[in-house]
Amino acid sequence: MFKTIRIKFIIVYFLLVFIAMIISAVFIVTVFEDNQLTQADKSMKSQAQSILAFSPTIREGNWNQLGDEEKSTLLDNAPIYNADNRVYIIDTTKAAPEIISTNIGQEERIIGENAYTISQIYPKLIVEASQGRERLRNDEDMTSKYLAYPIEYEDEVKGVIYITYNLQNINETISETKTILIEATLLALAITVVLGFIIASSITEPIKDVTIKAEKMAEGDFKQHVDVKSDDEIGQLASMFNLLTKKLDVTISEIFREKSKMETIFKYMADGVIAVDINGKISHANPVAKNILKVDEEDLENKGYDEIIYPVNKYLTIKNMIQNENLEGKRIIETDLSTYMARFAPYLNEGDEFGGIIIVFQDITEQYNLDNLRREFVANVSHELKTPITTIKSYTETLMNGALEDRELSEQFLNVINDESDRMNRIVKDLLQLSNFDNKDVQWEKEYISLKELILKSYTKLELSVKEKSQEVKIDVEDNIPLIYADRDAIEQVILNILNNAIKYTPEKGVIEVNAIAQDETIKITIKDNGIGIPKEDLKRIFERFYRVDKARTRELGGTGLGLSISKRIVESHNGKINIESEYDEGTSVYIVLPIKDDIES
């Protein structure tokens, strides 16, 4: 009912004024009534004293010698202050108090009558006054007041002056006073309500304005301002509200910017990030993490973290971490195509207690593969060098143990030693060349060269091998093909490597096709054979160092396993591309695309 401060204020203000007015009115009426009655008492006593002073006959009680007519005139000229007052002179020396005189019109009928027979005369007052004591009394309905005043002469009570005082005027005055006070109270209350409404409005309107602005702030609109209309507490409240909104707006803006910045960082960072609370609910996951775990927003809402992570790595579940008290650390996770380093650590909630786990997934696939390749490379180099070294050592020991005496056998052994030495030399040379690529320590001597001339020159160097296997090599270089800006020896090495592989892995009487055509700003060289081909599963690793499809056969044919890797590095260093397509037992096609003019030179 009283929900608003304005109504409560008006009601309290109204009650305070109402209670104050009631208390004041009661006090005023009570004091005024007591004062009027006191004045009436004094008036009655004064009148009795005046009558005694006016009439010696009454004062001395010498009324026994008077006749009835004389008695009736004793009070004719006496000072009667109020015509409504009734005055009786009563003789108390007799056994029955007798009325000697009165000021009322029917005195003839009551003079000489027993005073106790008069209804307005209280016997008790007469008795007490006859004993020399003044006595006052009010009737029950407060319409009259009575005074019994003793007439004493020479220490003897001769009689009693009995005065009846009409209180009607006093009652009317008091009633009028009450009416005036009631009207004043009602007027004051009306003014109180109006003033209370005005004062309450001056207090509640700013508060209401602050409340409305606060509601808008709760909805997210912090651009709120309250008018400051005074310097009192309300004005100070408005000023502090404006200061609060200003600082809050700045703070929220900073928080929003930081949140937006963090969300952007989380969204576009290369690492996956997941935040998990203590109950196993994922509270945040950036797109990289979702992709790693192969989940979407619906999965995050409906599934717990342990349910999602368990198929990937059971050691990363919250349950396992808590049970083993291992809340900080790292683990390697391997998926179908990638390898990740998962680093996890706890975070604290607002009570500085364990609130959950932050897991960061770092893609270490390249590093992991490089480590594997490094280990494999070391193993391959060791193996490739071990074979010729073992051969050389064994043949040398045989020669030293007496085989030198057999010249034919000695020459055969020395040829083997020479071949293995050449093989080691090729391996070391190729490794040094790859090392230069890795260290970017290669200086190209670029010039404009003719591809047609280079292809024919390369074929000439390998022509003997072609004839030995009765193979057919078809060379087709289109007329007027543009010159390319490249290192002559490097490009020749690439063509020799690819063409030599085609000859090696194409059976006798096989066909090898070499084509070169211009395409836009590039020249595309195609070397195609109908040899043994490459299995599909080996194609993706064909350019790796020391990688061989058939290791025994490759080593038997004198290959180092580094030719294709070197060729790829040379072509890419010339801003070109090299690609291989092959079908097992059907043949292989190698495509080399080189720019006509080097980008840097352009």
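Just above, that's the structure.
On a predicted model such as this, the values are computed, not experimentally measured, just so you know.

K.L.:
Talk me through the overall build of the protein; I want residue IDs and the actual numbers.
P.N.:
Within the protein one finds 18 helices and 17 strands. A burial count over the protein gives 38% of its 602 residues as buried. Of the contacts made within the protein by residues no fewer than 6 positions apart, 57% connect residues no fewer than 24 positions apart. When the accessible surface of the protein is totalled, it reaches about 36,000 Å², and 51% of it is carbon and sulfur. Averaging the positions of the 70 positive and the 101 negative side-chain charges in the protein gives two centres separated by 6 Å.

K.L.:
Residue-level account of the pairing of strand E9 (residues 339-348), with values.
P.N.:
In this sheet, E9 lies alongside strand E8 (residues 329-334) in antiparallel orientation, the contact comprising six bridges. Across the sheet, residue Glu334 finds its bridge partner in E9, namely Thr339. Hairpin remark: E8 followed by E9, antiparallel, with four residues in the connecting loop. The pairing of E9 with strand E10 (residues 354-363) spans nine bridges and is classified as antiparallel. Each residue of the ladder has a partner; that of Leu348, found in E10, is Phe354. Count of turn residues in the E9/E10 antiparallel hairpin: five residues, of which Asp352 carries a positive phi of about 55°.

K.L.:
Hey, could you go over the packing of aromatic side chains for me, with residue numbers and the actual values?
P.N.:
Under the definition given, this model contains five aromatic pairs. Between Phe14 and Phe18 the ring centres are 6.2 Å apart and the planes differ by 5°, which places this aromatic pair in the stacked class. Of this pair, Phe14 and Phe18 are both found in helix H1 (residues 5-54), four residues apart, which corresponds to roughly one turn of the helix. Assessed through its relative accessible area of 28%, Phe14 is described here as partly exposed.

K.L.:
A description of the packing of helix H14 (residues 451-468) against helix H15 (residues 488-504) should follow, citing residues and the corresponding values.
P.N.:
H15 packs onto H14 with a crossing angle of 40° between their chain directions and a minimal axis gap of 9 Å. In terms of their interaxial angle, H14 and H15 are classed as oblique. As for how H14 packs across H15, the hand of that crossing is right-handed. The segment H14 lies against H15, with Leu451, Glu453, Leu454, Ile455, Lys457, Ser458, Tyr459, Lys461, Leu462, Ser465 and Val466 engaging Arg488, Ile491, Glu492, Ile495, Leu496, Leu499, Asn500 and Ile503. Looking at side-chain class alone, the contact of H14 with H15 contains eleven nonpolar, three polar and five charged residues.

K.L.:
Can you lay out the sheet that holds strand E14 (residues 511-519) for me, pointing to particular residues and giving the numbers?
P.N.:
Spatial ordering of the open sheet is given by E12-E14-E15-E17-E16, a layout of five strands whose pairing is mixed. Sheet topology places strand E12 (472-477) and strand E16 (577-583) at the edges, where each strand pairs with a single neighbour. The mean angle between the axes of side-by-side strands here comes to 10°, regardless of whether they run parallel or antiparallel. Pairing analysis gives eight bridges linking strand E15 (residues 522-529) to strand E17 (residues 587-595), with the strands arranged antiparallel.

What counts as what
Residues numbered from 1 in each chain as written. Predicted model: local features only at pLDDT ≥ 70, side-chain atom pairs only at ≥ 80, totals over all residues. Heavy atoms only, no water. Helix = DSSP H or I, 4+ residues; strand = E, 2+ residues; numbered from the N terminus. Buried < 20%, exposed > 50% of the residue type's maximum accessible area, 1.4 Å probe, protein only. Contact = heavy atoms within 4.5 Å. Areas by Shrake-Rupley, 256 points an atom, 1.4 Å probe, with all protein chains shown as cover. Lys, Arg positive; Asp, Glu negative; His and termini not counted. Charge placed at Lys NZ, Arg CZ, Asp CG, Glu CD. Pairing = 2+ DSSP bridges. Phe/Tyr/Trp six-rings, centres within 6.5 Å; stacked < 30°, edge-to-face > 60°. Axes fitted to C-alpha atoms, helices over the stretch in contact; angles between N-to-C directions. Parallel < 35°, antiparallel > 145°, perpendicular 65-115°, else oblique. Left-handed = near helix turned anticlockwise from the far one by under 90°. Nonpolar A, V, L, I, M, F, W, Y, C, P; charged D, E, K, R; others polar.

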